[in-house]
Amino acid sequence: MKYLRQIMIILIPYLIGTILQLLFNLPIPGAVIGLILLFLALQIGIVKAYMIEDVCEFLLSNMSFFFIPAGVGLMTAFGVLKGKWIPFIIIVVISTCLVWIVTAFVVKFLRKGCQNE
């Protein structure tokens, strides 16, 4: 029952984000809005980290399973990618590096903020 409660705490902001995206026809995916809502709930204190800790640890430890659908989707799109491998690889490498850099700066910024408190 504890895990069900924790997963519901994570899924409710996702559902609200999806509803907001559909109602207001926003260009941002509902899942992203839900993540922002969950982040805000954690920052404000509506949701405490211990309330979702166990499910989050499970999801993070099994994250590789979530990439299987993307890999299968890529395999089914070989015909679309035919002759476009070089630009595709360049885009993947550049976007991966950008994500690393932005993540590093965000973590650095957040750690500075936590040290000042």
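So, here's what we can say about the structure. Residue positions within a chain follow its written sequence, with the count starting from 1. Predicted model: local features are reported for residues with pLDDT of at least 70 only, side-chain atom pairs are reported and counted for 80 or more only, and whole-chain, interface and lining totals are derived from all residues. Processing note: side-chain calculations cover all non-hydrogen atoms of the structure and skip hydrogens and water entirely.

**Concerning the packing of helix α1 (residues 2–24) against helix α2 (residues 30–44)**
Step number 1: With their axes 7 Å apart at the nearest point, α1 and α2 run at an angle of 130° to one another. In terms of orientation, α1 lies oblique with respect to α2. Crossing geometry of α1 relative to α2 is assigned as right-handed. For the pair α1 and α2, the contacting residues are I9, I10, P13, Y14, I16, G17, T18, L20 and Q21 in the first and G30, A31, I33, G34, L37 and L38 in the second.
Step number 2: Here the contact of α1 with α2 is built from residues that sort into 10 nonpolar, five polar and no charged. Lines fitted to C-alpha atoms define the axes here, with helix axes fitted over just the stretch in contact, and angles between the N-to-C directions of these axes take values from 0 to 180 degrees. Each helix is a run of DSSP H or I of at least 4 residues and each strand a run of E of at least 2, with the numbering of both proceeding from the N terminus. An angle below 35 degrees is read as roughly parallel, one above 145 as roughly antiparallel, one from 65 to 115 as roughly perpendicular, and any other as oblique. In this scheme the handedness of a crossing depends on how the near helix is turned from the far one: anticlockwise by less than a right angle means left-handed, clockwise means right-handed. We call two residues in contact whenever any of their non-hydrogen atoms come within 4.5 Å of each other. Here the term charged refers only to Asp, Glu, Lys and Arg, the term nonpolar to Ala, Val, Leu, Ile, Met, Phe, Trp, Tyr, Cys and Pro, and the term polar to all other amino acids, Gly among them.

**Remarks on the side chain of Q21**
Step number 1: Looking at the element boundaries, Q21 is found in helix α1.
Step number 2: Note on classification: 1.4 Å probe, protein chains only; a residue is buried when its accessible area is under 20% of the maximum for its type, exposed when over 50%, partly exposed between these limits. For Q21, a relative accessible area of 19% corresponds to the buried category.

**Remarks on the packing of α1 against helix α3 (residues 53–61)**
Step number 1: Running from N to C, α1 and α3 cross one another at 80°; their axes reach a closest spacing of 8 Å. The angle between α1 and α3 places the two elements in the roughly perpendicular class. Facing α1, whose interface residues are K2, Y3, Q6, I7 and I10, α3 presents E53, D54, V55 and C56.
Step number 2: Partitioned by chemical class, the residues of the contact of α1 with α3 number five nonpolar, one polar and three charged.

**Side note on the pattern of salt bridges**
Step number 1: Any Lys or Arg side-chain nitrogen found within 4 Å of a carboxyl oxygen on Asp or Glu counts as a salt bridge. By the definition in use, this model includes one salt bridge.
Step number 2: Of the charged contacts, one joins K2 and D54 as a salt bridge, the two residues approaching to 2.7 Å between their closest N and O atoms. Note that K2 is positioned in helix α1 and D54 in helix α3, a separation of 52 residues in sequence.
Step number 3: Judged by relative accessible area, K2 falls into the partly exposed class, the value being 42%.
Step number 4: With a relative accessible area of 26%, D54 lands in the partly exposed category.

**Topic: the nonpolar core**
Step number 1: Within this scheme, the nonpolar core is defined by two criteria: the residues are buried Ala, Val, Leu, Ile, Met, Phe, Trp, Tyr or Cys, and they are joined through side-chain atoms within 4.5 Å. Counting residues in each nonpolar core, the largest one holds seven residues, listed as I9, I10, L38, A41, V47, I52 and V55.
Step number 2: Only α1 and α2 provide two or more residues apiece to this core.
Step number 3: With residues up to four places along the chain from it excluded, the contact list for I10 reads L38, I52, V55 and C56.

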